[in-house]
Amino acid sequence: MNVSAILRQKGRAVTTAHPDTPLVEIANKLAAKRIGAIVIVGAGGEICGIVSERDVIRALATSGASSLKEPVAQTMTRQVVTCLETDTLDELMAMMTARRFRHLPVVTDGALVGIVSIGDVVKHHVAEVEMEATAMRDYITHS
Ligand code: AMP
């Protein structure tokens, strides 16, 4: 299973925002869409950051409620790690575990084409394990 197969099932929509968006609007969008992260893009659609619910909490804890009025550019992570449609489920799990984050924007030919969360990874991993178990049971009972 690779990223392309995951996107075929979940779709390619990505919630994005501009770097000058106030953090309060980011928090509202995260809550309304029930998602954990938003990709921050520049005027030309290029990825310039990522902000997750953890960043919002951290900004509130360190700077207080006034941080909600500040542009998300002050809070987002600027060095965004992305993945390719050809990356495998195992590679995504390794990346997320090693770097301790739960979201990976997908890039094809320099363009943002999707996002994979740890929830997507776990869901497809469980499905793969179940398929393997079923195949093993069939093999044992029919041999
Ligand atoms: P998360 O686990 O996705 O809520 O994110 C935890 C931290 O990692 C936050 O500071 C995010 O801004 C950051 N982060 C999340 N995804 C990525 C990514 N793909 N590349 C770089 N940083 C990320």
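Each value, and the rule that gives it
Residues numbered from 1 in each chain as written. Predicted model: local features only at pLDDT ≥ 70, side-chain atom pairs only at ≥ 80, totals over all residues. Heavy atoms only, no water. Near = heavy atom within 4 Å. Polar contact = N/O pair within 3.5 Å; in protein donor to acceptor, adjacent residues only side chain to side chain. Areas by Shrake-Rupley, 256 points an atom, 1.4 Å probe, with all protein chains shown as cover. Helix = DSSP H or I, 4+ residues; strand = E, 2+ residues; numbered from the N terminus. Nonpolar A, V, L, I, M, F, W, Y, C, P; charged D, E, K, R; others polar. Axes fitted to C-alpha atoms, helices over the stretch in contact; angles between N-to-C directions. Parallel < 35°, antiparallel > 145°, perpendicular 65-115°, else oblique. Left-handed = near helix turned anticlockwise from the far one by under 90°. Contact = heavy atoms within 4.5 Å.

J.: Honestly, the site of the ligand in this entry has me stumped. Any pointers?
T.: The immediate surroundings of the ligand are formed by 13 residues, with Ser52, Asp55, Thr77, Arg102 and His103 found nearest. A distance of 2.7 Å is found between an oxygen atom of the ligand and a side-chain nitrogen or oxygen belonging to Ser52. Isolated, the ligand exposes 480 Å² of accessible area, and the fraction of that covered by the protein chains is 93%. Elements that contribute at least two residues to the shell around the ligand include exactly strand S3 (47-52), helix H3 (53-63) and strand S4 (103-108). Examining the composition of the shell around the ligand, we find that three residues originate from one element, H3, more than from any other. Broken down by class, the residue content of the shell around the ligand amounts to five nonpolar, four polar and four charged.

J.: I tried to follow the packing of helix H2 (residues 23-33) against H3 on my own but got confused; where do I start?
T.: For any two helices packed against each other, one specifies the crossing angle of their axes together with the interaxial distance. Contact pair H2 / H3: the axes reach a minimum separation of 10 Å and the direction vectors enclose 140°. Comparing their axes, H3 and H2 come out oblique. Considering how the two elements wind past one another, H2 and H3 form a crossing that is left-handed. Facing H2, whose interface residues are Leu23, Ala27 and Leu30, H3 presents Glu53, Val56 and Ala59.

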